[in-house]
Amino acid sequence: MSLLAPIICDNGTGYSKIGFAGNSDPSFFLQCLPNCNCYSGTCFTVISGPPVPSKPGQIASKRGVEDLDFFIGDEALANAKTPGFGLNYPIRHGMIDNWDHMERYWEQTIFKYLRAEPEDHYFLLVRPQSPVIVEAPLTQSLQTEPPLNPPENREQTAEIFFESFNIKGLYIAVQAVLALAASWSSNRVTDRTLTGTVIDSGDGVTHVIPCAEGYVIGSAIKHIPIAGRDITQFVLNLMRERGETTAIPPEDQLRVAGKVKENYSYVCQDIVKEFRRFDAEPYKFFERFEGEHSVTGRKYNVDVGYERFLAPEIFFNPEIYSSDFLTPLPQIVDDVIQQSPIDVRRGLYKNIVLSGGSTMFQHFGNRLKRDLKQLVDRRLDASALASGSALKSSGVEVDVISHKRQRYAVWFGGSLLASLPEFYTSCHTKAQYDEIGPSICRRYQIFGSAT
Amino acid sequence: MILLEPHNVIIQTTLGEKIIKPSSLDVAFVDYDGVRFHLSTPQSKTLLLLSMHIRCWDELVKYGALEILQREYGSLLQPQAEPEYNVSLVIDLEQIPASPEDRSAFILSIALFKRNALAAPFELAFKNQKALESSGSGQGELMEIHYRDEEAIYVQASHDRVTVIFSTIFADETDRIFGKVFLQEFVDARRQPAIQNAPQVLYSNRDPPLEIRHLANLRNTEDTGYVTFVLFPRHFTPANAPGTISHIQLFRDYLHYHIKCSKAYMHSRMRHRVAEFQKVLNRAKQEVATTERKTVTGRTMSTR
């Protein structure tokens, strides 16, 4: 039988993105219709069903199939109200929390949604880079590095996939590396390198992850507590202050703010000039958002003004939104690269890759590139001055790559890598697993880069 | 989810989306038994081309798959299939039924593409049985469908029944044991009064049933098993036949799905047990009496 396309599984805290290698988009975004907006709490990798019984009871007399009576994704949300059913979130903060539920979750993804015989397929799973510790106690803030996803976790995953599902082969990939691979689809990328800085901004947290030749420099990773959810909240605050929200029913306000963010926002190059342009010609720049009450169907419309360019501005001037976190994103990126080993820094500056929905704003890449370039040039000038203008650097190339597949960059990178012929030789196969055991997952092999 | 659904979910959801909002598309995906699909828009955004590659296509054509597809899809069926695939449909998004019920029925019929193709030998066997019934004796042709590399379905009509035989191979040792238990359970479960009307199921390990014993290409190793279903006319009355075909096609996948689910169930029981034992062990832990240790000068030592 000719080899069937490998299956790419990216199980995230929010969405699971699942599909076949070689495609440009995942076949399923479980739990969310592509068009619906989901906010914290409503949209998770969910499974709903009666709890796993603690005691089997009289096993001989009971030949039931209660353990198959559950739903995942959207159907889970729809059935959450059924008596006896409850919502469970098997993944928390990027780590698998409940293996029983996760195993059943995979069971149903493979058999019901993908309709694939797991024995015929290779799998590429995405391992989250690092779980984000939300409530980090202040006393530990000096050792800021959160633990990486422990290898035991990977071993358990391999156990499930090889022993329950008998899959042909498994490759556990690192999120950041896949995001780098996804950038190869951009026509500005000339060499397929796995060295670069990944800025991954989703709904909850933004990560800045440096990667050297396919390996993550764990000690230099930084997290920023500003991401999609905060932008939406900020848009809502701005609209509230202007009094636009009176027209919107209260339960729809967050959704409308999310729509405004997605459809009208862009990154400006100069905030003062932008304000002036808006004030000079408000009719040209102000947009109107038309909505419909979700229950009564009453139409309403609101003006969309300065929030168009102010919303993504919180990455570059966080002080306009939060008083706790004040470092702008370009500064963080610079810090991350400066903390990395000196011999990869040029590569890291040259290849800054965006991934995740919150980096999709127009001109986001240009602005980041400009600000970062300024920081770097200023430092170079200062060092030239300090050396008495005797030594002058040849300059550092800074480039930010944005591409079309940013939203599902991680999944797409997986799809790209898994369609390379080297993928099959880099996988852990069933035979290797049987020979060595789950510990093979501690070995991690990179492939696909041209260098 | 106890039964597997006969339709392909990816086709169903993608078509549903594209009808609302046509856009260019190029996706490849699979279905059970190594069936490959390719859904693309080669010419315009509203003209979807759905192609299917199925391993046993030549055999299916021999048993009349083309007529069935023609009956189901009519003009959608393309005379020339896309290269590398066996059969293609073209769906024009501008010419689909308007009412929501018709529309979802149409989408469902497209999603049943694989099921309809694979239905051919069964429909032929049911027809043959009707023909033989009048003559009162005799047997129809033994149809072989090699739908997987090493596994096949054999369908044979005789004057009073249709016999369907699956050869199964379990790649994994554990699966084989689970499979054996399951298949024996099938045989036993029929004694329950509630499912007396179900088709008779026979299971044999290693030895092929008499109907196919004369075939040359059988592989009789320890990991081979044969499951025989005996369908009587009451199972394929015009009202029952479509359901019977859908279910019996998915038998192998159903079996493997349940083997995997029972393994998952066993794992969850094991995890639970380990957690319980760990609690017991933790209870048995002795509390260590902490004595303060001091240096000569009276300073306490502390671990750093």
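Residues numbered from 1 in each chain as written. Chains lettered and ligands numbered in written order. Predicted model: local features only at pLDDT ≥ 70, side-chain atom pairs only at ≥ 80, totals over all residues. Heavy atoms only, no water.

The name given to chain B in an unreviewed UniProt entry is Arp2/3 complex 34 kDa subunit, with the source organism recorded as Rhodocollybia butyracea. In its Subunit (unreviewed entry) section, the UniProt record describing chain B reads: "Component of the Arp2/3 complex." Entered under Sequence similarities (unreviewed entry) in the UniProt record, the comment concerning chain B runs "Belongs to the ARPC2 family." (UniProt positions renumbered as here; feature names shortened; annotations may be inferred.)

Under an unreviewed UniProt entry, chain A has the name Actin-related protein Arp3 and belongs to Rhodocollybia butyracea. Checking UniProt for chain A, the heading Sequence similarities (unreviewed entry) contains the comment "Belongs to the actin family."

Caption draft 1: Fine view of the UniProt feature "coiled-coil region" (unreviewed entry) in chain B. The sites that carry the UniProt feature "coiled-coil region" (unreviewed entry) are, in the present numbering, residues 267–294 of chain B. End-to-end, the C-alpha atoms of residues 267–294 of chain B are 50 Å apart, and along that stretch the chain is 61% helix and 0% strand. (Helix = DSSP H or I, 4+ residues; strand = E, 2+ residues; numbered from the N terminus.)

Caption draft 2: Representation of the side chain of Glu103 of chain A within the structure. You can see Glu103 of chain A is positioned in helix H2 (residues 99–114). Glu103 of chain A sits in the buried class, given a relative accessible area of 0%. Here the side chain of Glu103 of chain A touches Arg271 of chain B through a polar contact of 2.9 Å, side chain to side chain. With residues up to four places along the chain from it excluded, the contact list for Glu103 of chain A reads Ile160, Ser164 and Phe165 of chain A together with Ala264, His267 and Arg271 of chain B. (Buried < 20%, exposed > 50% of the residue type's maximum accessible area, 1.4 Å probe, protein only. Polar contact = N/O pair within 3.5 Å; in protein donor to acceptor, adjacent residues only side chain to side chain. Contact = heavy atoms within 4.5 Å.)

Caption draft 3: Focus on the packing of aromatic side chains. All names here are of chain A. One pass over the structure, following the stated rule, counts 29 aromatic pairs over all chains. Measuring from ring centre to ring centre gives 6.4 Å for Tyr122 and Phe423, while their planes differ by 70°; the resulting arrangement is edge-to-face. Note that Tyr122 is positioned in strand S9 (residues 122–127) and Phe423 in helix H14 (residues 422–426), a separation of 301 residues in sequence. Here the two residues Tyr122 and Phe423 agree in accessibility, since each one is buried. One residue, Arg104, lies across the ring of Phe70, its end atom 4.6 Å from the ring centre. (Phe/Tyr/Trp six-rings, centres within 6.5 Å; stacked < 30°, edge-to-face > 60°. Lys NZ or Arg CZ within 6 Å of the ring centre and 35° of its normal.)

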